[in-house]
Amino acid sequence: MKVADSAGLPSNEPFNWHDETTVLHGDAALNADASVVPPIHYSATYRARSAAEFADMANTPRHPGFYNRYGNPVHKHVEAILAELEQTETALLMGSGMGAISTTILSLVERGDHVIAQQRHYMSTSKLFEEVLPRFGVTCTLVDQTDNEAFAAAIRSETRLIMVETPVNPTLSLTDLKAVADLARPRGIITVADNTFASPLNQRPHELGIDIVVHSATKYFGGHHDLMAGAVCCSQALAERIWPMHVTLGSVLSPMDAWLLLRGLRTLPLRMERINANAQAVAEWLETQPAIDRVFYPGLPSHSQHNLARRQMKGYGAVIAFSIKGGFEATSQFVSSLKLATHAVSLGGVETLIVHTAAMWAGTMTEAQMQSAGIEPNFVRMSVGVEHIDDLKADLATALAAIA
Ligand SMILES: *Cc1c(COP(=O)(O)O)cnc(C)c1O
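Quick caveat: nothing in here was measured; it's all calculated off a predicted structure. (Residues numbered from 1 in each chain as written. Predicted model: local features only at pLDDT ≥ 70, side-chain atom pairs only at ≥ 80, totals over all residues. Heavy atoms only, no water.)

(A) The arrangement of the overall build of the protein chain in detail. Across its full length, the protein chain holds 14 helices and twelve strands. A compact globule built from 404 residues would reach a C-alpha radius of gyration of about 22 Å, and the protein chain, at 22 Å, matches this within 12%. Taken over the C-alpha atoms alone, the protein chain extends approximately 75 × 50 × 40 Å along its principal axes. Buried positions account for 55% of the 404 residues belonging to the protein chain. Taking the intrachain contacts of the protein chain between residues at least 6 apart in sequence as the baseline, contacts between residues at least 24 apart amount to 72%. Total accessible area on the protein chain stands at roughly 17,100 Å², and carbon and sulfur atoms take up 53% of it. Averaging the positions of the 30 positive and the 41 negative side-chain charges in the protein chain gives two centres separated by 2 Å. (Helix = DSSP H or I, 4+ residues; strand = E, 2+ residues; numbered from the N terminus. Rg over C-alpha atoms; globule rule 2.2 N^0.38 Å. Buried < 20%, exposed > 50% of the residue type's maximum accessible area, 1.4 Å probe, protein only. Contact = heavy atoms within 4.5 Å. Areas by Shrake-Rupley, 256 points an atom, 1.4 Å probe, with all protein chains shown as cover. Lys, Arg positive; Asp, Glu negative; His and termini not counted. Charge placed at Lys NZ, Arg CZ, Asp CG, Glu CD.)

In C-alpha cells:
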C-alpha cells in the first residue's frame, strides 16, 4: 500500500499490519537517527549545503526540510500513519480541520463550477458552502444527506465536487458513502468526506470509493484536547493539486503540535476501543432513563439509519446527542450538575465533554427565538471519554436526579 512520497522519502516496506501496529511502526522508515521518538524540529528554515541542494529543496514539492510552510520532518511521520489508516496513497497535514477543509475545497473548484454539499455540516463547513464559495462564483446545492436520490437529482453537467460528512451534528445523521461515491466516480466528480466524527478506526470512506478524506485532527487523532490540527488523505495526484493551495493559504501546523499529534496517534486504537464501548453503553443506558426524551446514536437500533451504520461503520464513536424532558432551565441545571462531564465544545478526547447548545445563545436569543431557529432548548451533545463507565453513569444519574 506504500507509495514513495513525492518528496522522495524512502517508502516503507510493504506491510499489512493491524491499526494498533500501524500507529506505532507505520513511520519507522522515516527515523533519521537513533532516537526512538523523533525530535521536534523547531526550525522555520533549513540550511542547504550547495547551490544544487538549495535548488532541489526549493523545487521539490512537500520537501520536509526547506521552509516550515512547505513541510516539516515530523509532519512526514504523522502523514505516513494517517495515509495507512485511511488506506490512501498519501496525507497532508494542516493547521486545523477547517484549514484542511477550506484548502481542499478551494484548490478543486473555480468560477462557474457547481458543487453539492449537505444541508447539515460542521458549522464552519456550512459557511464555506453557503457564504464563501458563492462569493467566488461557485454555486452550491445543499441536499438532505439521508436521501441518496437527492444527491443524484442535484447533479448537473458543471458539478465538480460532492462534499459529505457522516455522522453529523446535531442528530448524528449518516450519509451513504458508497452510494455517493458510485454516483460521482463514473461522472468524474470528486468526492470529499469529513471523517472526523467516525475516525478511520470506525469508518474508511476511501475503501467505499470516496476520493478525499478530511479530518479535524484536533479531535480523535490528537485525542487529548490540547492541540489543533487538520489532515487531508488522498492520492498523490490530488495531493499535488491541494498542496500548492496549502502553501498559498498557509494553514500550517506548528512543529510542537505535530509532535503532540504523533504522540496522540500512538494510542488512537486503544482510545477508540474504550470510547466506542463507553459511548455505546452510555447511549443504551440513557435510553432507559425516564428523564430522557430522545437519544441519537448510530449504534442504537432506534437510530433511523442504524442499518446503514452497521454496513459502513465498525464502531460508532464518542458523540451522543440527547434531549432532556424539560426546558432550557432543567437542561442547564442538568449540565451544570455534572461533575465528570465538562461543559466545553470539541470531541474525541480522553475526557468526557458535554455541550448545552442552547446555552451558547442564551444571552442573545429568547427560548422562542431559539426554537424557531431549530436550536432545541433541551438538547445536549456529549463526547464520551475513556473514564470508567460506572463513574460516567453515576455522574449522569446524579445530575438527572437533580432535575427530577
Ligand atoms: C471540529 C470539526 C471541524 C473543524 O476542525 P478544527 O480542527 O476545529 O478546525 C470540522 N469538521 C468536524 C466534523 C469537526 O468536528
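Still more ground to cover, so stick around.
(B) Examining the state of the cysteines more closely. In the structure shown here, the tally under the stated rule is zero disulfides. Unpaired in this structure, cysteine 234 has its nearest cysteine sulfur neighbour in cysteine 233, at a distance of 7.5 Å. (Disulfide = S-S within 2.5 Å.)

(C) How the structure looks around the environment of aspartate 211. Turning to its location among the elements, aspartate 211 is positioned in the loop between β5 (190-194) and β6 (212-216). Residue aspartate 211 is classed as buried on the basis of its relative accessible area, which comes to 14%. Along the chain, aspartate 211 and alanine 193 lie 18 residues apart, while their C-alpha atoms are 8.0 Å from each other. Among the polar contacts made by the side chain of aspartate 211, one reaches the side chain of arginine 185 at a distance of 2.9 Å. Of note is the side chain of aspartate 211, whose polar atom sits 3.0 Å from the backbone nitrogen of threonine 191. (Polar contact = N/O pair within 3.5 Å; in protein donor to acceptor, adjacent residues only side chain to side chain.)

(D) Broad picture of the pattern of salt bridges. Scanning all chains against the criterion turns up ten salt bridges. Across the salt bridge formed by aspartate 19 and arginine 204, the nearest N and O atoms sit 2.8 Å from each other. Of this pair, aspartate 19 sits in helix α1 (residues 19-25) while arginine 204 sits in the loop between β5 and β6, and the two are 185 residues apart along the sequence. Comparing aspartate 19 with arginine 204 shows no difference in burial state: the two are buried. Among the salt bridges present, the one from glutamate 79 reaches arginine 62, with a minimum N-O distance of 3.1 Å. One end of the pair, glutamate 79, is in helix α3 (residues 73-86); the other, arginine 62, is in the loop between α2 (51-59) and α3, and 17 residues separate them in sequence. (Salt bridge = Lys/Arg side-chain N within 4 Å of Asp/Glu carboxyl O.)

(E) Geometry of the confidence of the model for the protein chain. Per-residue pLDDT for the protein chain has a mean of 94; in total, 96% of the residues score no lower than 70. Contacts of residues 1-10 to residues separated by more than four positions or lying in other chains number 34 contacts, the stretch itself having pLDDT below 50. (pLDDT = per-residue confidence, 0-100.)

(F) Region of the structure containing the domain arrangement of the protein chain. Taken as a whole, the protein chain is organised into domain 1 (19-41 + 72-266) and domain 2 (269-402). Each of domain 1 and domain 2 has a C-alpha centre, and the two are 25 Å apart. Taken together, the contact between domain 1 and domain 2 spans 35 residues of the former and 32 residues of the latter. Summing the contributions of domain 1 and of domain 2, the shared interface buries around 2,600 Å²; its carbon and sulfur component is 59%. (Domains from an automatic or database assignment. Buried area = accessible area lost by both parts, 1.4 Å probe.)

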